[in-house]
Amino acid sequence: MATKYADTISPTTCLICNTSNEPDALLCEQCDAPMAIVQDAVAQERRPQIVSVIGESNVGKTVYLGFLLDMLAQRAGDFEDVPKGAYSVDLQQSVISHMAQRQFPPKTPMEADQWYWAYYQVRRRQPNAQWVDLIMPDMAGESLAAEVATPKTFRVIYNLLNKSVGLLLLLDAALAANGSTQPDFFAMKMLSYIDSINSAKGRKRIDTPVAVLLCKADHCPECFDNPTEFVKANMNRTWNLCQSRFDSVAFFATSVVGSLGYAVSDDQENVTPIPLHTALRGVIEPFEWIIGQP
Amino acid sequence: MLQLFMKKSPTKYDPPPRRRPPPIVQAAYVPAEATQLFADPLQRCLQLERFGYLLANRRKWKDHPDCHNVCTTAREQLDEMFAIVPEGFVSLPQVISDAPGCEEVTIETEPFLLARHPITNAKYQKFVDAGGYQQLELWPKEIWPHLIDFKDATDYHGPRHWQHGRHCKPQSDHPVVGVCFYEAAAYARWAGFRLPTEAEWQMAATWRIRSVANVLRRYPWGDALDINRCNIWSTGRKQTAPVHEYPDGAAPNQVLQLVGNVWEWTACNFEVSDDEGGTVLSDMRMSSIRGGAFDTYFPMQATGVFRTGLVSLAREHNVGFRCAMDVRKPKK
Amino acid sequence: MDQVIFTSVRSPSGVGYRIIAASPSVNRKEKAEIIRRAPSHASLDRPDPDAVAMLAFPIAEDRYCVGFSQHAGKEHTARGGERVHTHFVILNMQDYEVFEMNPLTVHAALNAVVGGRPQLTPPPILEQLQLRAAPQSMHVQHCRIAPTCNVEAVLQISLAMLQTQRLLVVDPLDGHDLLDQTITCLPAALRHGLAVSLGLKFSPSRRLQLCIVRPDKAQTRRTVAGQNTRTFDAANPPERKSSRYDAWLDLIKRRWEEGKLTDIKRLATDITEDACPETLANIAALCFDIDAVAKAPPEELARLRTKYADAATAQTHPVRLLHQFHDAAQQRAQELEQPHPA
């Protein structure tokens, strides 16, 4: 006999790190995840899945996730989504309101209690389509980098990646196209870290779907022509690692900004990037692919 | 649907069947036929739709037996292609934030002729077939070193997304995209036209005539957004549309698709300041583009008054152009 | 002393907030601890360019870390808010004792070295830092009660620290004097384990025992919910509840009201090993008896002398205080033996 998922979890046990918390806790005492996620999950009949958006600092995780959620809310692609809890809308509201005013949203702090968390129910707009509950946190790139460099520095990240059923790995295509090896090395470290998490489970190959997104592809439109070839040519280390260790990897190019300007202060010391207008490309497709993976 | 289940790990390392990467879906590319150019230069001008050039240089062919007929046809075509935009005035915000009350420059515009449609792939094909990229007089001297970069996906001269110098035939009546400002200007010059200035473009889109009413339209059709009248992101089309679609979105003079479908190059540089008065720069010179495109997410960025710019050498998938002409003043 | 710089710069080695320079003897665990706690973007309480903050906490291997945070212009991504630059020093306990185990003293010394001069392009390897405490901060004679400080607030904070509770204090002033006076009153045995911040926004991620914030924000109070963290307003501290530390706190209060902060400081500094309630109660009782013996009648004097006759052997009280008691008792006895003038 099927049991409600709600019957299997406690409303005070964090979904991310399984720590028991006080009934009135807003944040998990251990990992600073919002306890509202648990309270919303308890009301559902299925366990929420975690899809993590990961990437280096300033690659565009917040902007990508904000637009993705907003597009889903507007029923882009074949999907529709419903936010669970007002906190879930904070991220897309921040991103959309800033970008509409030609500003990038503020930097995501390293402090986990400052992160945006999104809990959405998503399904394809088809008859008899099933709802899927997704938790998508917006993590700080520096925290990810620190965790990769020294595992368990941020246990919340370890727990999130350990429990993720899908990963969206964002890489800076503009940097890679300019010949920088930074995105390649970061991707290697990130994928190796995920590999080590899975190795601890005794798996030789990782079956967690990983969508590799080449962000800021407006700087190098060749990415859109063939993202896979772009990665092969410009991030060969990452490509080889994906082939060796990951069962399910796909490459995508994405872009949000149509044109970028820079405001330079009088003393030439501060350069503020300004998104002059938006032109969304390739935002939904990686998510569609992740959701479509068994 | 995602499921949480544990796959059985292989007992020894055997490369499992690799999952196929997602297919890169491309519509079948059907190259348009090559244009068989007429030998006679006058007829060829007409064939290539260089109506402005033909009429501006008709003295050259005054002795040609078909000159009168050809010129008549050219004028008729121009009447079809262009619509008059009356004189008026526009206000161009000078600050990036574009907030009410910000610094603006008011520009009076003279009457001029604006093309009813953006330039299509079919029309641009004629420019390519006629060797427009090889005619250096059409290009500013500082751009000559960059001409070798104005190639399509297969290294032929042409817009970025073409192949072998041919456009995709099913999209013959779509606006040409993947062309930079200089390519747009070269085409306009070749055809005997020009690009509209930013003020002219805005006048055509907002129809701000000096009158007692002082009406300012946000869109060519009025003040309220209607996604059935234009092709922007919320319309859901996700790609360009034929230039004759969305007739309900026309301006009063039946100029179509000023808002949505593709951004349009104008003849002006894009120069604005930030809120602190500093200049907004880019990697290179920026030209002003207007109107929004099929992938413009924010409706406020697809209006007749929204100002933005793009690096002049950029060849984007969502930027095209339309031509303008001066109104010939009657002789006194 | 070892030093570490944590801030956000763009360099060939990386981008964003991270440790950009460190002394070679700072080990991996210590670096991880610093990264976990260090303030990142827009973490300072005040948005002013000249705002500063302090973060102090025990770090692995019996060392103590004090951080000086300041704004350092716009971050390279220029995405709103000020860049936060934190210069940490890591002290062993001997070095920390030189600074009276008061992180504010270390902070002041750091201010003299790095205040207003955030290093954004330091060499990746930093040499040991020589820090000297400002002389006046060390001199006992200059220990004075800050006129802006509320003794009840100090006592409340002291009690929370003694009971190892977590506390968020909202101080409408900058909180510096409040924290300074509180640490002065805190037994030295507790100071090396104190994790405290001043001038930083509250963040549960930092796992601090004491956090003093300047403006009172409703969001802060909501974030505190369920975190086993008490909160109160320093301007209006709640009534102190009875506890096993009442005697000690009453002593602090009496000395405070007598204006004898020097005595408090000396007392607290002397308690280097054991700060359990019984010990503190014994000390408090002895201090009260020292006060009482100066005016005690003969019977009371005799009783008190008997009470502490074997205290030195039993080692239940600090030796200095016992000497002080016996000196006071001796003096009182001499007074009583002198004939009264007719």
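Residues numbered from 1 in each chain as written. Chains lettered and ligands numbered in written order. Predicted model: local features only at pLDDT ≥ 70, side-chain atom pairs only at ≥ 80, totals over all residues.

With that settled, consider the overall build of chain C. Looking only at helices and strands, chain C has 14 helices and nine strands in total. Projected onto the principal axes, the alpha-carbon positions of chain C cover approximately 90 × 45 × 35 Å. Among the 342 residues that make up chain C, the fraction classed as buried is 45%. (Helix = DSSP H or I, 4+ residues; strand = E, 2+ residues; numbered from the N terminus. Buried ≥ 20, exposed ≤ 12 C-beta atoms within 10 Å, placed from the backbone.)

Below, the discussion takes up the interface of chain A and chain C. At the interface, 32 residues of chain A touch 29 residues of chain C. Contributions of two or more residues to the side of chain A that touches chain C are made by α4 (141-149) and β9 (271-281) of chain A. Here the element with the most residues in the side of chain A that touches chain C is α4 of chain A; it accounts for four residues. For the side of chain A that touches chain C, the per-class residue count stands at 13 nonpolar, nine polar and ten charged. (Contact = placed C-beta atoms within 7 Å. Nonpolar A, V, L, I, M, F, W, Y, C, P; charged D, E, K, R; others polar.)

Residues and elements named next belong to chain B. Note on placement: F193 falls in the loop between α5 (181-191) and α6 (198-206). With 27 C-beta atoms packed within 10 Å, F193 lands in the buried category. Here the alpha-carbon distance between F193 and F51, two residues 142 residues apart in the chain, equals 8.5 Å. Residues in contact with F193, not counting those within four places in the same chain, are G52, A188, C323, A324 and M325.

Another aspect to go through is unusual backbone geometry. All names here are of chain C. Its identity is not glycine, yet E100 carries a phi of approximately 60°, on the positive side. Locating E100 in the fold gives a position in the loop between α2 (93-98) and α3 (103-114). Since 21 C-beta atoms lie within 10 Å of it, E100 is described here as buried. Positive phi outside glycine occurs at T164, with the angle close to 50°. Examined against the element boundaries, T164 turns out to sit in the loop between α5 (151-162) and β6 (166-170).

Take the confidence of the model for chain C next. Any residue range with low pLDDT should be treated as having predicted coordinates unsuitable for detailed reading. Residues and elements named next belong to chain C. Summing up the model confidence of chain C, the mean pLDDT is 85 and the portion of residues at 70 or higher is 92%. Across residues 136-142 the pLDDT falls below 50, and counting only partners more than four positions away or on other chains, this stretch makes eight contacts in the model. Here the complex is predicted with pTM 0.88, and the ipTM for its interfaces comes to 0.89. (pLDDT = per-residue confidence, 0-100.)

As a further point, take the nonpolar core. Formed by 272 residues in total, the largest nonpolar core has its most connected members in Y64, L169, L171, A173, V212, L213 and L214 of chain A. Looking at this core element by element, the count peaks at nine residues for α5 of chain B. Looking at this core, you find at least three residues from each of domain 1 (1-138) and domain 2 (246-337) of chain C. Discounting residues that sit within four places of it in the chain, Y64 of chain A has contacts with V53, L170, C215, T254, V256 and V283 of chain A. By size, the runner-up hydrophobic cluster in this structure holds eight residues, among which are L42, L48, L54 and A74 of chain B. (Core = buried A, V, L, I, M, F, W, Y, C linked by C-beta atoms within 7 Å. Domains from an automatic or database assignment.)

Here α3 of chain C contains twelve residues, and its C-alpha end-to-end distance of 16 Å stays within 8% of the 16 Å for a straight helix at 1.5 Å per residue. Following α3 of chain C by one or two positions, G116 of chain C adopts a phi angle in the positive range, close to 75°. (Expected span 1.5 Å × (residues − 1).)

Residues and elements named next belong to chain A. Here seven strands make up an open sheet; going across it, the order is β2-β3-β4-β1-β5-β6-β7 and the pairing mixed. With one partner strand each, in any of the chains shown, β2 (79-83) and β7 (249-253) form the two edges of the open sheet. Strand after strand, the sheet turns through a mean of 25° between neighbouring axes, direction not considered. Where strand β5 (residues 164-172) and strand β6 (residues 210-215) come together, six bridges link them in parallel fashion. (Pairing = 2+ DSSP bridges. Axes fitted to C-alpha atoms, helices over the stretch in contact; angles between N-to-C directions.)

Looking now at the environment of A253 of chain A. Residue and element names in this part refer to chain A. Among the structural elements, A253 can be located in strand β7. In this structure the C-alpha to C-alpha distance between A253 and P221, which are 32 residues apart in sequence, comes to 8.8 Å. If near-sequence neighbours (up to four positions away) are discounted, A253 is found in contact with A173, L214, A217, C223, F224, P227 and G282.

The next thing to look at is the domain arrangement of chain C. Often, the extent of an interface is quoted as the loss of accessible area on bringing the components together. Examined at the domain level, chain C breaks down into domain 1 (1-138) and domain 2 (246-337). Summarising the inter-unit geometry, the C-alpha centres of domain 1 of chain C and domain 2 of chain C are found 41 Å apart.

Our focus in this paragraph is the sheet that holds strand β6 (residues 280-281) of chain B. What the three strands build is an open sheet, ordered β9(A)-β8(A)-β6(B); its pairing is antiparallel. Each edge of the open sheet is held by one strand with a lone partner, namely β9 of chain A together with β6 of chain B. Judged from the two bridges that link them, strand β8 (residues 255-264) of chain A and β6 of chain B form a sheet pairing that is antiparallel. Across the sheet, A263 of chain A pairs through a bridge with V280 of chain B, a residue of β6 of chain B.

Residue and element names in this part refer to chain B. In terms of burial, strand β5 (residues 263-269) is a largely internal element, six of the seven residues being buried. In terms of strand pairing, β5 meets strand β7 (residues 286-290) through three bridges, oriented antiparallel. By the bridge assignment for β7, E264 is matched with R290.

Turning our eyes to something else, we now look at helix α4 (residues 121-129) of chain B. Residues of α4 of chain B that are buried: N121, K123, Y124, Q125, F127 and V128 of chain B. One or two positions beyond α4 of chain B, positive phi appears at G131 of chain B, with a value near 80°.

Residue and element names in this part refer to chain C. Across the interface, helix α9 (residues 246-257) lies against helix α11 (residues 277-293) with an axial gap of 7 Å and an inter-helix angle of 40°. By the angle between their directions, the pair α9 and α11 is classed as oblique. In this structure, the crossing between α9 and α11 has a hand that is left-handed. Of the residues in α11, those touching α9 at A247, W248, D250 and L251 are L280, A281, A284, A285, C287 and F288. (Parallel < 35°, antiparallel > 145°, perpendicular 65-115°, else oblique. Left-handed = near helix turned anticlockwise from the far one by under 90°.)

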